[in-house]
Number of protein chains: 2
Amino acid sequence: MSNVLAADIGGTNIRLAIVDAEGLIVAETRLQAELSRHAEQSQATAETHVIKTLTEAIRPFAHEHGVDRLGMGFPGFFQRHNGLLASSPNLPLLQNFALADRLADALGMNVRVENDALCAAIGEQKFGSGQGRANLLHITLGTGVGSGLILNNIPYSGEHGMAMEFGHLCIEHHDGRLCGCGNYGCVEAYASATALMKRFQEICDCAVPDAKTIFEQAREGHSCAVTITNEAGMYLGMAIAEAVKLLDVTTITISGGLSGGWDILYPPLKRELDNNLISPQKGRVEVLRSRLDDNAGLLGAAVIARGGSPA
Amino acid sequence: MSNVLAADIGGTNIRLAIVDAEGLIVAETRLQAELSRHAEQSQATAETHVIKTLTEAIRPFAHEHGVDRLGMGFPGFFQRHNGLLASSPNLPLLQNFALADRLADALGMNVRVENDALCAAIGEQKFGSGQGRANLLHITLGTGVGSGLILNNIPYSGEHGMAMEFGHLCIEHHDGRLCGCGNYGCVEAYASATALMKRFQEICDCAVPDAKTIFEQAREGHSCAVTITNEAGMYLGMAIAEAVKLLDVTTITISGGLSGGWDILYPPLKRELDNNLISPQKGRVEVLRSRLDDNAGLLGAAVIARGGSPA
């Protein structure tokens, strides 16, 4: 089968790639594009802006590479029964939006869109560390914490496309840290890049480094960095245990920027995971670092571009 | 279709019922039977004892009513791919046990067996408050806390039949109460009949009533009873929120002895549920009291006796 175009859409960044049938990225580009504008007053103008922005970003790259199928990971809740974007946390004006159809019309391409975190799970199962596992929980640790679930080879998105809000599991019910979602004690408030940096700012009397530097400092034994990265790993392990107790899924893969701190995060993660599972599950759960780096989402988008996976 | 025999197996109690095609219980009996014996030394003798005990309990009732199909809810983890009982917390000697086949041979009947909590979910979806819902989380609040999940009309039991250990979600990570599973802070350590009575013993300077009486005292405003039932409702609400964040299932049904305290449990449950959900899920989740009293499990066993439900 010929190459397809895969897109991974963030708040201000768009990644585009040409992917072949074996999951190899043969060309790639990154663009800045602002999908949300404060000037937007109505759903109609917001929709027009999103379609226009995406079309302008995608069309030249698509033409250059002569592809006619696009798969896209997009941050929002998609309804399985009608394919509509029900809502998107960062683009509140969009409700029940026919994103894929509108984009297909504008681009003159075959277009399929899926939740970005679910795309990453699909990519990880097809080409990454989750290859060959019928059941997979994939976690993306980046600015925020995303996750996607595959059950019996079918991506699971729930009744309203809102399943797997793993990043908002509460793992600290008392004096939990405030999360971007408005609740307290969420995983994302401890184990995202944003959280590490905020936490660093709070407990250290020095300039705030980025997450990568925080891991380097932890490796060198700096106490603040050790404390907060240890905490992030522990909370991740506790939250994964909760998910395993409900789902009985025994392969967990982790990608995203923070997976670069695997050597630091994994030991406390594994310890708390085993501590919190029920007895017959202890020792049965594998937590694997993604071997796709940041590309799980793009490769999953390529899978859905070919009509694969979502049922 | 003719009547079937439904069985609900507990640690020391066996309930048997004859159920018609509309889910009406036309005859019923309860027996005492000890499935576990400390004298048991090997898996073979434990298996023989379980089959003998169940056969002696079931055969007379089956003959009396002339039924040839048996569905059974049994406390243990069943593997979907081969139907074996992988393990049972109360009967540790049983491992990968062909319970259904052995029982079918001994009784000369068509036998199907499923996890007891999953049976209750199946019964609730077919005949109870969850009727007509394709997705359902059913919780049984009794001596312990059990739960079963239906996704897209298919009972979900996970990779190893261990899904939906809802009763062992941790909702108190600091100074949590010791649970029977060996972990701390589990739902079951706060919101089961056993937990209410233990908690009462700890904080009250008076004789320990049963759970039903604790609810009556809470209605009368006795402070100990108010405190611990309010706590049970709150923790249930928090735990349901965690399950909804992962599963995006919006119908929750609750049965079992503690559902008799619905008027007391529901207000704090509902409040903490809404507090802990992510914004787009708030207000979307229905928590319903079962209308099947203690019969959800029996009625689910009748469904599987007819070859229904598990895929």
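## Quick notes on the overall build of chain A
And step 1. Of regular secondary structure, chain A possesses nine helices and 13 strands.
And step 2. Taking the principal axes of the C-alpha coordinates as reference, chain A spans close to 55 × 45 × 35 Å.
And step 3. Relative to its 311 residues, chain A shows a buried fraction of 59%.
And step 4. Summed over all atoms, the accessible surface of chain A reaches about 12,300 Å², with 48% contributed by carbon and sulfur.
And step 5. Charge centroids of chain A, computed over 24 positive and 34 negative side chains, lie 4 Å from each other.

## Thoughts on the pattern of salt bridges
Residue and element names in this part refer to chain A.
And step 1. As enumerated under the stated definition, the model contains 23 salt bridges over all chains in all.
And step 2. Between Lys-270 and Asp-274 there is a salt bridge whose closest N-O contact spans 3.4 Å. Note that Lys-270 and Asp-274 are positioned in helix H8 (residues 262-276) at a spacing of four residues, about one turn of the helix.
And step 3. Taking relative accessible area as the criterion, Lys-270 reaches 22% and is therefore assigned partly exposed.
And step 4. One continuous salt-bridge network, built from bridges that share partners, spans Arg-177, Arg-199, Glu-202 and Glu-231.

## Side note on the pairing of strand S12 (residues 251-255) of chain B
Residue and element names in this part refer to chain B.
And step 1. Of all five residues in S12, five are buried, a share of seventy percent or more.
And step 2. Because side chains alternate across S12, one face comprises the buried residues Thr-251, Thr-253 and Ser-255, and the other comprises Ile-252 and Ile-254, equally buried.
And step 3. Relative to S12, strand S9 (residues 136-141) runs parallel, the two being bridged by four bridges. Across the sheet, residue Leu-137 finds its bridge partner in S12, namely Ile-252.

## Concerning helix H9 (residues 296-305) of chain A
At 3.6 residues per turn, the α-helix brings residues three or four places apart onto the same side.
And step 1. The element H9 of chain A is extensively covered by neighbouring structure, given that ten of its ten residues are classed as buried.
And step 2. A positive backbone phi angle near 85 degrees is found at Gly-307 of chain A, which sits one or two residues after H9 of chain A.

## Notes on unusual backbone geometry
And step 1. Even without glycine at this site, Asp-175 of chain A takes up a positive phi of about 55 degrees.
And step 2. Inspection of the secondary structure assignment puts Asp-175 of chain A in the loop between strand S11 (154-156) and helix H4 (188-191).
And step 3. The phi dihedral of Asn-153 of chain B is positive, around 70 degrees, even though this residue is not glycine.
And step 4. Residue position: Asn-153 of chain B is located in the loop between strand S10 (145-151) and strand S11 (154-156).

## Some points on the interface of chain A and chain B
And step 1. On the chain B side, the residues contacting the 42 residues of chain A number 42 residues.
And step 2. Note on chain A versus chain B: buried area summed over both sides is about 3,500 Å², and carbon and sulfur give 54% of it.
And step 3. Of all residues in chain A, the largest losses of buried area upon contact with chain B belong to Glu-159, Leu-246 and Asp-248 of chain A, amounting jointly to 21% of the total for that side.
And step 4. Remark: the boundary between chain A and chain B carries zero salt bridges.
And step 5. Where chain A packs against chain B, one counts 30 residue pairs in polar contact (both at pLDDT 80 or more).
And step 6. The set of elements that each furnish at least two residues to the side of chain A that touches chain B consists of helix H7 (223-247) and H8 of chain A.

## Some details on the environment of Glu-272 of chain B
All names here are of chain B.
And step 1. Relative to the elements of secondary structure, Glu-272 occurs in helix H7 (residues 262-276).
And step 2. Note on Glu-272: relative accessible area 13%, which makes it buried.
And step 3. Separated by 200 residues in the primary sequence, Glu-272 and Met-72 have C-alpha atoms spaced 35 Å apart.
And step 4. Apart from the residues within four sequence positions on either side, Glu-272 is in contact with Met-234, Gly-237 and Met-238.

## Considerations on the packing of aromatic side chains
Residues and elements named next belong to chain A.
And step 1. Tallying each qualifying case throughout the model produces six aromatic pairs over all chains.
And step 2. Both rings, one in Tyr-190 and one in Tyr-235, keep their centres 4.3 Å apart while their planes meet at 45 degrees; by these two values the pair is tilted. In this pair, Tyr-190 is assigned in helix H4 and Tyr-235 in helix H7, connecting sequence segments 45 residues apart.
And step 3. Classification of Tyr-190 as buried rests on a relative accessible area of 6%.
And step 4. Across from the ring centre of Tyr-190, 6.0 Å away, lies the NZ or CZ of Arg-177, which sits over that ring.

## Overview of the domain arrangement of chain A
Residues and elements named next belong to chain A.
And step 1. Here the domain parsing of chain A yields domain 1 (4-120 + 296-305) and domain 2 (131-291).
And step 2. One C-alpha centre belongs to domain 1, the other to domain 2; they are set 26 Å apart.
And step 3. Listed as interface residues are seven residues of domain 1 and, on the opposing side, 14 residues of domain 2.
And step 4. For the pair domain 1 and domain 2, the summed buried area comes to about 850 Å², and 61% of that belongs to carbon and sulfur atoms.
And step 5. Together, Phe-77, Ala-117 and Leu-118 form the three largest contributors to the area buried by domain 1 at its contact with domain 2, with a combined 53%.
And step 6. Put simply, the parts of the chain that give the side of domain 1 that touches domain 2 at least two residues each are strand S5 (77-78) and helix H3 (116-127).
And step 7. In terms of residue count, the dominant contributor to the side of domain 1 that touches domain 2 is H3 (three residues).
And step 8. Here the residues of the side of domain 1 that touches domain 2 are counted per class, giving six nonpolar, no polar and one charged.

## Describing helix H4 (residues 193-203) of chain B
All names here are of chain B.
And step 1. Every buried residue of H4 is accounted for by Ala-193, Ala-195, Leu-196, Arg-199 and Phe-200. Angular distribution of buried residues about the axis of H4 spans 165 degrees; they occupy a single face of the element. Turned more than 90 degrees from where H4 packs its buried face, Gln-201 and Glu-202 sit exposed.
And step 2. In the core, the buried residues of H4 are packed alongside helix H5 (211-219) and helix H6 (223-247).

## Here's the deal with the sheet that holds strand S2 (residues 13-19) of chain A
All names here are of chain A.
And step 1. Pairing in this open sheet of five strands is mixed, and the strands run S3-S2-S1-S4-S8 from one edge to the other. The open sheet terminates on both sides in strands that have one partner only, identified here as strand S3 (25-32) and strand S8 (110-115). Between one strand and the next, the sheet's axes are offset by a mean angle of 15 degrees, whatever the strand orientation.
And step 2. Against the sheet, H3 engages strand S1 (4-9), strand S4 (69-74) and S8, with an angle of about 100 degrees to S8.

## Focus: the relation of the copies chain A and chain B
And step 1. When chain A is brought onto chain B, the operation consists of a screw motion whose angular component is 180 degrees and whose axial shift is 0.0 Å, with 0.0 Å RMSD remaining. Such a combination of turn and shift is consistent with a two-fold rotation axis.
And step 2. When the interface residues of chain A are mapped onto chain B, 100% of them again lie at the interface, so the same face is used by both copies.

## Quick look at the packing of H5 of chain B against H7 of chain B
Residues and elements named next belong to chain B.
And step 1. Direction vectors running N to C along H5 and H7 enclose 70 degrees, while the axes themselves pass 9 Å from each other. Considering their axes alone, H5 and H7 lie roughly perpendicular with respect to each other. Contact residues: H5 offers Phe-215, Ala-218 and Arg-219, while H7 offers Asp-263, Ile-264 and Leu-265.

## Quick word on the side chain of Ser-255 of chain A
Residue and element names in this part refer to chain A.
And step 1. Looking at the element boundaries, Ser-255 is found in strand S12 (residues 251-255).
And step 2. In this structure the side chain of Ser-255 is engaged in a polar contact, spanning 2.9 Å, whose partner is the side chain of His-138.
And step 3. Excluding anything up to four places from it in sequence, Ser-255 contacts His-138, Ile-139, Thr-140, Leu-141, Ser-290, Asp-293 and Ala-296.

Calculation notes
Residues numbered from 1 in each chain as written. Chains lettered and ligands numbered in written order. Predicted model: local features only at pLDDT ≥ 70, side-chain atom pairs only at ≥ 80, totals over all residues. Heavy atoms only, no water. Helix = DSSP H or I, 4+ residues; strand = E, 2+ residues; numbered from the N terminus. Buried < 20%, exposed > 50% of the residue type's maximum accessible area, 1.4 Å probe, protein only. Areas by Shrake-Rupley, 256 points an atom, 1.4 Å probe, with all protein chains shown as cover. Lys, Arg positive; Asp, Glu negative; His and termini not counted. Charge placed at Lys NZ, Arg CZ, Asp CG, Glu CD. Salt bridge = Lys/Arg side-chain N within 4 Å of Asp/Glu carboxyl O. Pairing = 2+ DSSP bridges. Contact = heavy atoms within 4.5 Å. Buried area = accessible area lost by both parts, 1.4 Å probe. Polar contact = N/O pair within 3.5 Å; in protein donor to acceptor, adjacent residues only side chain to side chain. Phe/Tyr/Trp six-rings, centres within 6.5 Å; stacked < 30°, edge-to-face > 60°. Lys NZ or Arg CZ within 6 Å of the ring centre and 35° of its normal. Domains from an automatic or database assignment. Nonpolar A, V, L, I, M, F, W, Y, C, P; charged D, E, K, R; others polar. Arc of directions from axis to C-beta. Axes fitted to C-alpha atoms, helices over the stretch in contact; angles between N-to-C directions. Least-squares fit on C-alpha atoms with pLDDT ≥ 70 in both. Parallel < 35°, antiparallel > 145°, perpendicular 65-115°, else oblique.

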